[in-house]
Amino acid sequence: MTVRILNHGWSSFGSYCGLNYAYAYIKNIVTYTAADFIHDNLGLIAGVIGVILFLLVIVFARHDQDMRKIARKEAKQKKELEEALEAAREAGMARTVFLRNMSHDIRTPLNAVLGFTDLALKEGTDIAKIQEYLEKIRVSGNHLLAIVNEVLEISRIESGQTELYEEPADMDAIVEEVAVIIREQTQEKNQQLVIDLSGVQNHEILCDKLRIKEILVNLLGNAVKFTPQEGLITLQIVQTPPYEKEIGHYEIHVKDTGCGMSPSFMEKMFEPFEREKNSTLSGVQGTGLGLPIVKRFVDLMEGTIEAISTEGVGTEFIIKTDFLLVSRALLETTNRPSTVSLKR
């Protein structure tokens, strides 16, 4: 009996002590608050927050850079669109002015053709009068054809369909053919035409004769148009150093004592359809395509063209280009042209 009482006492004591220790442990867990956790892990929490803030700064910085790039790109696109719109407006205005001027230029010779045709039909048997009318019809018809040819020529050039047909040629012969055309025009205005080839050593070259003639006729024709009565027009061709065996370096100078060009027009004189203001006011005929055609031919020949002009004094055009040299024997025996395509 005594043993049983002792065993029961020890059991009760052990259960009581164990339960008290459990309650104490649970009480300690329950009283460990968030503030305690933060206090114990303050360094770790600060590090995590710092990393998060650093990542946020990087994200916002990249976002700001992207937005700035987008803004710059949009500004650039806007500027390009504005420039394209302005160029389109200028081109549209130039074409409008061109159509107005060309309509006048076409109507003038066309009216002459129709008018002199009516006069010739009414004249009856006066052969001299009829021949006079027919000559005026021919002149007006040629002028009308020249206008149409210029429009077609610039269209071919702009579409990249122009080619150079190079063949051996005599520079003297080319210049003489041009002089025959220009002298007729200068004689009508009592102008003096001076041609100087004394500075040329090699006269036999490989070139596109037709294009060279067109360049010279356009420049000299403009000189005739804008030079007053009894003015002076000069064509000078010189060969410049270094003097090589196979290639010749040439300068073509076309100079006049005409009205000159304004600085504002010189900035855009090689653009299609542009005309000097005073040429329109003075009634000088033209489409504004002569100089652009010359410029594009010179570009095809890989040459350069520049102008020196003073209003009321005159204008000088200077073309610099190179030609392959050929022998006189080759010039006399070669009749087959070589086609050189220079589509650009």
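Our subject is the structure listed above.
Bear in mind the structure is a predicted one, so any value in this text is a computation, not a measurement. (Residues numbered from 1 in each chain as written. Predicted model: local features only at pLDDT ≥ 70, side-chain atom pairs only at ≥ 80, totals over all residues. Heavy atoms only, no water.)

**So, the overall build of the protein chain**
In terms of helices and strands, the protein chain carries 10 helices and eight strands. Among the 344 residues that make up the protein chain, the fraction classed as buried is 33%. Looking at the protein chain alone, contacts between residues at least 24 apart form 73% of all its contacts between residues at least 6 apart. As displayed, the protein chain offers around 22300 Å² of accessible surface, 60% of which is attributable to carbon and sulfur atoms. (Helix = DSSP H or I, 4+ residues; strand = E, 2+ residues; numbered from the N terminus. Buried < 20%, exposed > 50% of the residue type's maximum accessible area, 1.4 Å probe, protein only. Contact = heavy atoms within 4.5 Å. Areas by Shrake-Rupley, 256 points an atom, 1.4 Å probe, with all protein chains shown as cover.)

**Details of a nonpolar patch on the surface**
Together, Leu-44, Val-48, Ile-49, Ile-52, Leu-53, Leu-56 and Phe-60 make up a nonpolar patch on the protein surface, roughly 690 Å² of accessible area in all. Within the secondary structure, Phe-60 sits in helix H3 (residues 42–123). Given the relative accessible area of 57%, Phe-60 is considered exposed. (Patch = residues over 30% accessible without salt bridge, like charges linked within 9 Å, V, L, I, M, F, W, Y side chains within 5 Å. Salt bridge = Lys/Arg side-chain N within 4 Å of Asp/Glu carboxyl O.)

**Observations concerning helix H5 (residues 171–188)**
Helix length check: H5, at 18 residues, gives a terminal C-alpha distance of 26 Å against a target of 26 Å (1.5 Å per residue), a fit within 8%. Where H5 bends most, the angle comes to about 30 degrees, and this point is Ile-182. Taken residue by residue, H5 has Met-171, Ile-174, Val-175, Val-178, Ala-179, Ile-182 and Thr-186 as its buried positions. At the N-terminal boundary of H5, the capping side chain belongs to Asp-170, with an oxygen 3.0 Å from the backbone nitrogen of Asp-172. (Expected span 1.5 Å × (residues − 1). Bend = angle between axes of the 7 residues up to and from the residue. Polar contact = N/O pair within 3.5 Å; in protein donor to acceptor, adjacent residues only side chain to side chain.)

**Let's talk about the nonpolar core**
Membership of the largest hydrophobic core comes to 46 residues, with the highest contact counts inside it found for Ile-215, Leu-219, Leu-235, Ile-237, Tyr-250, Met-269 and Phe-317. With seven residues, the single largest contributor to this core is helix H6 (residues 209–225). If you look at the next biggest cluster of nonpolar residues, it comprises six residues, including Val-113, Phe-116, Ala-120 and Tyr-133. (Core = buried A, V, L, I, M, F, W, Y, C linked by side-chain atoms within 4.5 Å.)

**A word on the environment of Gln-185**
By the element assignment, Gln-185 lies in helix H5. Take Gln-185: its relative accessible area is 29%, and that puts it in the partly exposed class. Along the sequence, Gln-185 and Val-224 sit 39 residues apart, while their C-alpha atoms lie 7.0 Å from each other. In this structure, Gln-185 is in contact with Gly-221 and Val-224, ignoring residues within four places of it in sequence.

**Some details on the pattern of salt bridges**
Counted according to the given criterion, the structure contains 11 salt bridges. Between Asp-64 and Arg-68 there is a salt bridge, with the nearest N and O atoms lying 3.2 Å from each other. In this pair, Asp-64 and Arg-68 are both assigned in helix H3, four residues apart and thus about one turn of the helix distant. Take Asp-64: its relative accessible area is 36%, and that puts it in the partly exposed class. Residue Arg-68 is classed as exposed on the basis of its relative accessible area, which comes to 53%. Glu-176 is the partner of Arg-183 in a salt bridge, and the nearest nitrogen-oxygen pair spans 3.6 Å. Among the charged side chains, a salt-bridge network with shared partners connects Glu-153, Arg-156, Asp-208, Arg-211 and Glu-214.

**Considerations on the side chain of Thr-227**
In this structure, Thr-227 sits in the loop between H6 and strand E4 (232–240). Looking at Thr-227, the relative accessible area reads 1%, which means it is buried. A distance of 2.5 Å separates a polar side-chain atom of Thr-227 from the backbone oxygen of Ala-223. Residues contacting Thr-227, with those up to four places away along its chain left out, are Lys-189, Gln-191, Leu-232, Ile-233, Asp-256, Thr-257 and Gly-258.

**Considerations on H6**
Note that an α-helix has 3.6 residues per turn; residues three or four places apart therefore point the same way. Taking 1.5 Å of rise per residue, 17 residues should cover 24 Å, and H6 covers 24 Å from first to last C-alpha, within 8% of that figure. Counted residue by residue, H6 has 12 buried out of 17 residues, so it is predominantly covered. Within H6, burial applies to Arg-211, Ile-212, Glu-214, Ile-215, Leu-216, Asn-218, Leu-219, Leu-220, Gly-221, Asn-222, Ala-223 and Val-224. Where H6 starts, the residue carrying a side-chain oxygen 3.2 Å from the main-chain nitrogen of Leu-210 turns out to be Asp-208.

**Some details on the side chain of Ser-262**
By secondary structure assignment, the location of Ser-262 is in the loop between strand E5 (247–256) and helix H7 (263–266). The buried category is assigned to Ser-262, whose relative accessible area is 11%.

**Considering unusual backbone geometry**
Trans is the common state for peptide bonds, and a negative phi is the common state for residues other than glycine. Cis geometry is adopted by the peptide bond preceding Pro-242, which originates at Pro-241 and carries an omega value of 0 degrees. As for its placement among the helices and strands, Pro-242 is situated in the loop between E4 and E5. Located in the positive-phi region is Asn-190, a residue other than glycine, with phi close to 55 degrees. For Asn-190, the location among the structural elements is in the loop between H5 and strand E2 (192–199). Its identity as a non-glycine residue notwithstanding, Glu-302 has a phi of 60 degrees, on the positive side. Looking at the secondary structure, you find Glu-302 in the loop between helix H9 (290–300) and strand E6 (304–310). The exposure class of Glu-302 is exposed, given its relative accessible area of 62%.

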